[in-house]
Amino acid sequence: MKIKSICCIGAGYVGGPTMAVIAQKCPDIKVTIVDLNESRIAAWNDSNLENLPIYEPGLADVITDARGRNLFFSTDVDKAIDEAQMIFISVNTPTKNYGVGKGMAADLKYIELCARQIARVSKHDKIVVEKSTLPVRTAEAIKNILDNTGNGVQFQILSNPEFLAEGTAVQDLHNPDRVLIGGENEEAISALFDIYSNWVPKEKILTTNVWSSELSKLTANAFLAQRVSSINSISELCEKTGADVSEVAKAIGMDARIGSKFLKASVGFGGSCFQKDILNLVYIAKSYGLHEVADYWEQVIIMNDHQKNRFSQNIIKTLYNTVSGKKIALLGWAFKKDTNDTRESAAINIAQNLISEQANIAVYDPKVSEKQIKLDLLDLDEKQMDLINVSQDPYEACSNSHAIAILTEWDEFNTYDWKKIYNNMLKPAFVFDGRNLLDKKQMIEIGFTYIAVGSSNL
Ligand code: UDX
Ligand code: ADP
């Protein structure tokens, strides 16, 4: 079967870039991305590419290539479903915040709504592709809904998890390490295989059964997050013993069996995937009575929470056990560099901890809007909200502060005039580098009390 028209439900961080690249690489396929969120679709359609709803290096070029040619953004979900031979479901699957599995299981209500809508609207046979990260056996649930409420229309379900990382999404999509297609129906699998093989070498396209595909995605994220928690656990030991975590990471990373990637100690991992997927894995293990498996993976999250908390506790302790009324500048709010995504960002947790100690917080992030930062802190009361100031200028954010905390590894932080920043701060001037980004020697020479993750200040 040759696919000529695709619809993707969900124009978010996954659906947007992924479908844009498919459209760019397959000019013969009409790709329509739909979303219920009207302002998001308007932003994707904005002629000013600065206004795209997500910031991702290289994305504007992809949009320029394909938008209006064979890539379309729309809020007319029914029409796009009806016209498409293949439908990708790329809606959000947050952790449930109610009922059974609260705080752990994935909330599948958006997925189910999509499945029901597809069933209601479809008049012709379709291939439905799970793109969102989902618990194992979700495909079965989708198939059940489609088969039982459809009008005799045949649906084939495929799992095609996305492995792109934010900040490098376009590069990851252009040159993926692998593409994974899980399914049972040969014809459906080969239809999707043919799409990817327009630009991905065939040997990098793996086909598996549906459950393996679903579980591989959760496992990949769990392993990646585990590496970060592992190195972060060692960072605390380094601080106590006089070892330097960057040196340890380099030394172990040169072992080809370990590898050098994903060994950067930090203020804690964030992002929409790691915590959610591990919680999901833990929940699935528990639901099969595999308590040791569940406890094993839960420890990755416990260590991450510990890393975030001890970072803010260390700021408070170092500033003579009180931050009340003191200005602390937070440089970086996104969960990593080169994205405007703030979901589960360590910065949120650190700001909350400092505000609960009545610190005055000045935030600067090159790509995150003030509106988003305030939305992330909605749990605070009105009085606490007054303690937050969002600045458009890093020098202003740092001026008259007692301390600066680097929370995102934005390259531009390395280009600042740190001498000037030092001169405008209260003394002693503290820098807590949650990303080991700045040059320690240079910072100390300027006069800062420079405290990095995973190195001792003894
Ligand atoms: C992750 C997976 O990498 C990707 O394959 C999957 O599709 C989605 O989840 P993402 O969350 O976008 O991608 O970013 P990633 O680069 O994995 O970083 C996640 C978090 O870990 C960030 O907060 C990052 O700063 C942190 N991290 C990463 C570290 O603290 N140290 C490291 O060495 C690597
Ligand atoms: P991800 O990071 O997984 O892409 P996002 O939250 O960025 O997640 O994007 C998911 C998108 O899916 C949101 O823009 C949301 O409005 C959209 N969405 C959720 N449910 C539906 C639905 N039933 N129909 C259309 N769009 C939906």
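In this text, all values refer to a predicted model and were calculated from it rather than measured experimentally. (Residues numbered from 1 in each chain as written. Chains lettered and ligands numbered in written order. Predicted model: local features only at pLDDT ≥ 70, side-chain atom pairs only at ≥ 80, totals over all residues. Heavy atoms only, no water.)

Turning to the sheet that holds strand β11 (residues 388-390), a few remarks are in order. With parallel pairing, six strands are arranged side by side in an open sheet as β11-β10-β9-β12-β13-β14. Where the open sheet ends on each side, the last strands, each with one partner, are β11 and β14 (449-452). Strand-to-strand twist across the sheet, computed as the mean angle between neighbouring axes with direction ignored, equals 20°. Note that strand β9 (residues 327-331) and strand β10 (residues 360-364) share five bridges and pair parallel. (Pairing = 2+ DSSP bridges. Helix = DSSP H or I, 4+ residues; strand = E, 2+ residues; numbered from the N terminus. Axes fitted to C-alpha atoms, helices over the stretch in contact; angles between N-to-C directions.)

Take the nonpolar core next. By size, the foremost hydrophobic cluster in this structure holds 65 residues, and its most contacted members are I328, L330, W333, I404, W418 and F448. Counting residues per element, this core draws most heavily on helix α13 (residues 346-356), at seven residues. Those residues in contact with L330 that lie beyond four places of it in its chain are A351, L354, I361, A362, V363, Y364, A405 and L407. Formed by 45 residues, the second largest nonpolar core is a distinct cluster that contains I6, V21, I33 and L59. (Core = buried A, V, L, I, M, F, W, Y, C linked by side-chain atoms within 4.5 Å. Buried < 20%, exposed > 50% of the residue type's maximum accessible area, 1.4 Å probe, protein only. Contact = heavy atoms within 4.5 Å.)

Within the structure shown, the criterion is met by 20 salt bridges. A salt bridge links E83 to K79; the nearest nitrogen and oxygen atoms lie 3.6 Å apart. Of this pair, E83 and K79 both sit in helix α4 (residues 77-83), separated by four residues, roughly a single helical turn. Classification of E83 as partly exposed rests on a relative accessible area of 39%. Residue classification places K79 among the partly exposed residues on the basis of a relative accessible area of 48%. Between E298 and K286 there is a salt bridge, with its nearest N and O atoms 3.9 Å apart. Residue E298 is found in helix α12 (residues 291-318), and its partner K286 is found in helix α11 (residues 274-287); the two are separated by twelve residues along the sequence. On the basis of relative accessible area, E298 is assigned to the partly exposed category, the value being 22%. Exposure remark for K286: the relative accessible area of 32% places this residue in the partly exposed category. (Salt bridge = Lys/Arg side-chain N within 4 Å of Asp/Glu carboxyl O.)

The final tally for this structure, using the stated rule, is zero disulfides. Sulfur of C8: no disulfide; nearest cysteine sulfur belongs to C7 and is 6.9 Å away. There is no disulfide at C26, and the cysteine sulfur nearest it, in C8, is 14 Å away. C26 gets classed as buried once you look at its relative accessible area, which sits at 4%. (Disulfide = S-S within 2.5 Å.)

Of all residues adjacent to ligand 2, which total 15 residues, the nearest are Y13, V14, D35, R40 and R343. The separation between an oxygen atom of ligand 2 and a polar main-chain atom of Y13 is 3.1 Å. Within the contact set of ligand 2, an oxygen atom lies 2.9 Å away from a backbone nitrogen or oxygen of V14. Coverage of ligand 2 by the protein amounts to 88% of the 580 Å² it exposes when considered alone. Its residues assigned to classes, the shell around ligand 2 shows seven nonpolar, five polar and three charged. (Near = heavy atom within 4 Å. Polar contact = N/O pair within 3.5 Å; in protein donor to acceptor, adjacent residues only side chain to side chain. Areas by Shrake-Rupley, 256 points an atom, 1.4 Å probe, with all protein chains shown as cover. Nonpolar A, V, L, I, M, F, W, Y, C, P; charged D, E, K, R; others polar.)

For the rest of this paragraph, the subject is helix α10 (residues 245-253). Every buried residue of α10 is listed here: V245, A249 and G253. Down the axis of α10, the sector holding all buried residues measures 65°, keeping them to one side. Among the exposed residues of α10, those oriented more than 90 degrees off its buried face are E247, K250 and A251. Packed against the buried residues of α10 are α9 (210-241). Backbone nitrogen of S246 and a side-chain oxygen of the N-cap are separated by 2.8 Å at the start of α10; the cap is D244. (Arc of directions from axis to C-beta.)

With that settled, consider the site of ligand 1. Near ligand 1 there are 20 residues, and of these F163, E166, S266, K336 and R435 occur at the shortest range. At 2.7 Å, a backbone N or O of F163 approaches an oxygen atom of ligand 1. Side-chain polar atom of K217 to an oxygen atom of ligand 1: 3.0 Å apart, as the coordinates give it. Bound to the protein, ligand 1 loses 90% of the 660 Å² it would expose on its own. Tallying contributions element by element places α9 first for the shell around ligand 1, with four residues.

Right, let's talk about the side chain of S90 for a bit. Examined against the element boundaries, S90 turns out to sit in the loop between β4 (86-89) and α5 (109-121). A relative accessible area of 9% means that S90 is categorised as buried. Apart from residues no more than four positions distant in its own chain, S90 is found in contact with C8, I9, G10, V14, G15, K131 and S132.

So, about α5. Compared with the 18 Å implied by 1.5 Å per residue over 13 residues, the 18 Å span of α5 between its first and last C-alpha is a close match. Where α5 is concerned, the buried positions are I111, C114, A115, Q117, I118, A119 and V121. In the core, the buried residues of α5 are packed alongside β1 (5-9), α4, β4, β5 (126-130), α6 (138-149) and β6 (155-159). (Expected span 1.5 Å × (residues − 1).)

Any link to function would need more than the numbers given here.
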